[in-house]
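Structural overview for review
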Amino acid sequence: FCEEVPHHLCSEYPRPEVMACEIPCATDCVISEWSQWSPCSHSCSSKNAEGSQSRSRSILALPAEGGKACPPDRVLQEHRACNDHPCVHFYWETSPWSSCSEDSLVALNATFSWSGEATCGVGIQTRKVSCMKSSSGHVTPKRCPDSTRPETVRPCLLLCKKDCIVTPFSEWTRCPTACQPGNATAVKQSRYRIIIQDAANGGHACPDTLYEERECEDIPICPVYRWKTHRWSHCILVPDSVRQGVLGYNEACGHGLQSRAVTCLSETNESADATECMRWAGPMPPLVQECLVPCKDDCTFTPWSKFTACSFDCESTKTRRRSLTGRSRKRDKCQDTEVYPQVETELCPCEVFTSQPHGNWSDCIIGGGKSEPQSGMRSHGDTKECGEGIRLRAIACYDKTGRLVDPSHCSSSGYIEESCTVPCPFDCKLSDWSTWTPCSSSCGTGVKVRSKWLKEKPYNGGRPCPKLDLKNQVYEAVPCYTECNQYSWVVEPWSPCKINSEQNSLHCGEGIQTRKVRCVKTKDHRGETVPSTLCNQAEIPDEVQKCSLYCPSECAVSDWGQWSTCPQVGSPGCSSMGNVPHSSFSVLQSLFLCLVPADWSTCQLSENATCGRGVRKRLLSCVRSDGRTVSARHCQQRQLEKPTEMSSECLVGCVVDCRLSAWSAWSQCSQTCGAGGQMVRGRAVLLQAMGEGRPCPAQLAQHRSCPVKPCYSWRLGPWSSCRLQGGQCGDGLQVRNLTCVVHDASVSATAKPVEHALCAELPLKETVLQLPCSVPCPGDCHLTEWSEWSSCELTCIEGRSFETTGRQARSRAFVGQSPESPESCSGQVVEIRPCSGGKCYDYLWKTSLWRDNVRTVWCQRSDGINVTGGCALQTKPAEVRHCSPACRKPFSYCTQVLCGCERGYTEIMRSNGFLDYCMKVPGLEDKKADVKTIAGKNKPVNSKMHDIFKGWSIQPFNPGEKLKYEWNKFSLLHFCRRKIQALKCKVLRFKC
């Protein structure tokens, strides 16, 4: 409301301002007002860049005919210089951020930015900020623009202390149980532990001791025994009574024997039993040896030297030498080398050996092939587990006669070797972490993401990949916060309205105009463009819009002006907005603020940790009630209450590879000689794989065949018949031979005789090479030896016995007995005695197939042994079958009751039911005969089916009538009843 007052009340009467204006006529071109000047392109001017601004106006309506024309396009834009002051190169320089340290006074922004209450606390980082001039260095801070001054303090997450984590010690390796020699090195046992997580951020350091050894206690020391040999006695010659008649027998000279004493001593040099030395010190030294007392006329020599070595040539020889001693060197007869040779030459043994591979190839062995590995346990990573190795195959060695000999004659190792390869495991390979993406939100909370992608899949038992997405990638996300209004959209003026002239000849009406939209940093006065992702994507201005050029005779109006400022309005809710900037509204609205938590991040670990306990975090966004995120300071000013949980503990599973012990030493061969022996070595799983660790291999044991060593054993030949001394009956001897043979202990081994010295001493049982025997004379009674006692048997009913004591029997047979005097043999044939621990047996009659109407019938026990007795005689099947009348027709044979025909013939029966004759089935060869019977099919003559269907027959009828089939109903009924009865007995478990 205004009220006009007299002019003298005003202090000074202003001069009226006059400005030219123009109102377009109805037919003139209509142009809009000038737009606002754009921001200056540069904050200062230099040789290469000057600041400039622009503004524009647009054509609102085209002129009608005769009206004022529109100005050209260049007149619709204006440019002017700005910020023409020269640029001085002053800039802010920052030092590196300090390490994160605790601080009790952390700004609200910082706490908010880092989600506040982290498990290990929030600290601060500081840095120095200096104003620099490019040409002279440090200058006063006033010379640099304060608006671009970097921050000197920022919040940070205090890294949690991580203690070293180790596994418990493994079990001590086993100490040997067998005794050890007294001079052997000390046997030790060991144990170890493994570091799972290294110490970080000042946590407890890892222990120095990860491997421990200690000497085994209470290991028995093998007793020490030794043989002590005494001096040889004088040479004892052959007694005079034997030597009489020998030249020079009166002299004390010639060949003889000398002996010595051998005693067994303990470690303390005390006398001990000889068996102790035999056990611990080896075989006893010889007690006797040959000796020679030379006669006065004998030639004496030095002992023979050793034979020279043989070459591998089969035609080579070996020699040895001796020399005359004493007076013999002057005697002529001793110089005769033909009688007294001083050099002996022998042919070298020419042995040709051949080898044959035996058994399968061993597993591929990496280390520890022929040489034995050192004792002690080593971790999986300390030994070579893959790559080049060898595999072995045992050989059997034979001499030229085909006898098995020690494999060392054919090969030093007893094996054929072949190179092999154990493929190495390849772990899953992922790329390095990508760089963090920009924060997903340009205002408030968002997430930063980085990723790894699959480069190579695992194979050969390598470490598996973590869980990947459909793009074969794995992600890590952390929350981030971006202060609002750091970046903003800047638009350039709209282009002139472009009308589609092809569809509109008047060049007026609706069209399209475009403009450029850029994202710039709000505080950057230079206006340089930054990536558009930094600006709020929800507020991106339009780059294209519809426009219109008014046609002649249409009313032309200007564009809408800016909205006026919104008045402050209060309302209940989270908090009143007040003068919070927001998008344009057509009506006044009441807006409120709330703190909204974002999604949880992935589990974050400390810097050096790869697994274990971590923290996941979430940040808060200051959100307006219309859903738009605004700067956190608005919520900070209203002191809004935060949600309780801004961080929580989480767990990342540790990746632990499988750890194995070292391979053990190869075991002793499972056989001392022969083929089929195996040696084995193994390793144990010390630590199972966990998480995505490399899994344990399937092979924990390796096998290889032993070299085939010859087996020597005594083999007894069969007993001979009873050998009598010059008679035909009576007492005599049975003898058998004993031979030392070599073989490979296999089932199909062929034994070959060898020298007896290769076999061990004879066991006492098998030294019996002759036995007394007798051939009974006529009229004598002679019984065989008793048989072995039978197994213990109980009396049972239906498989059950109520006895505790059973019976067993043995028997013997008469070998010869006079038929005239059977009472001459009064010896018992069967003996029965009680026994304990008996079993129940069933007895069944067994029969062979019929052959010429005769079959064998015997009794069999339920354990498969054929016995005499046990089966009931009244149920014994017939051993011979008869038909009445006898079957004398050609091609006929006797069944159990009636005569039947052989295969290929059919029975022609009489009216009384007896066989008339056997008729050959016509066309049986091509299987097209009209007359077929069961008996005529190709089947065994003694088939059970033949007996079952014997009621099927051909009966004769009147002349001219055709042959008809007839089934004996009685036979069918009888067959069915028998089958049903047998089935019922089987089900009810009764005997029929």
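About the cut-offs
Residues numbered from 1 in each chain as written. Predicted model: local features only at pLDDT ≥ 70, side-chain atom pairs only at ≥ 80, totals over all residues. Heavy atoms only, no water. Pairing = 2+ DSSP bridges. Helix = DSSP H or I, 4+ residues; strand = E, 2+ residues; numbered from the N terminus. Salt bridge = Lys/Arg side-chain N within 4 Å of Asp/Glu carboxyl O. Buried < 20%, exposed > 50% of the residue type's maximum accessible area, 1.4 Å probe, protein only. Disulfide = S-S within 2.5 Å.

As annotated in an unreviewed UniProt entry, the chain carries the name Thrombospondin type-1 domain-containing protein 7A and comes from Cairina moschata.

Read from one edge of the open sheet, three strands run β16-β17-β20, paired in antiparallel fashion. In this open sheet, the two strands that pair with only one neighbour each are β16 (236-237) and β20 (288-293). Across two bridges, β16 lies against strand β17 (residues 254-259) in antiparallel orientation. Bridging across to β17, Ile236 finds its partner in Leu257.

Applying the stated criterion across every chain yields a total of 16 salt bridges. A salt bridge links Arg810 to Glu831, with the shortest nitrogen-to-oxygen separation between them at 2.9 Å. Of this pair, Arg810 sits in strand β50 (residues 805-811) while Glu831 is found in strand β52 (residues 830-836), placing the two residues 21 residues apart along the sequence. Between Lys876 and Glu879 there is a salt bridge, with its nearest N and O atoms 3.7 Å apart. For Lys876, a relative accessible area of 34% gives the class partly exposed. Among the charged side chains, a salt-bridge network with shared partners connects Asp427, Arg463, Asp657 and Arg694.

This next bit is on the state of the cysteines. According to the stated counting rule, one finds 28 disulfides in the structure shown. Covalently, Cys29 is tied to Cys70 through a disulfide, its sulfur atoms 1.8 Å apart. Disulfide Cys29-Cys70: the torsion about the S-S bond is 100°, which places it as right-handed. You can see Cys29 sitting in the segment before β1 (30-31) and its partner Cys70 sitting in the loop between β3 (59-61) and β4 (77-82), a full 41 residues away along the chain. The buried category is assigned to Cys29, whose relative accessible area is 9%. The disulfide that involves Cys299 links it to Cys334, with 1.8 Å between the sulfurs. Taking the sign of the torsion about the S-S bond as the criterion, the disulfide between Cys299 and Cys334, at about -90°, is left-handed. With Cys299 in the loop between β20 and β21 (317-321) and Cys334 in helix α4 (residues 332-335), the pair connects residues that are 35 residues apart, well separated along the chain.

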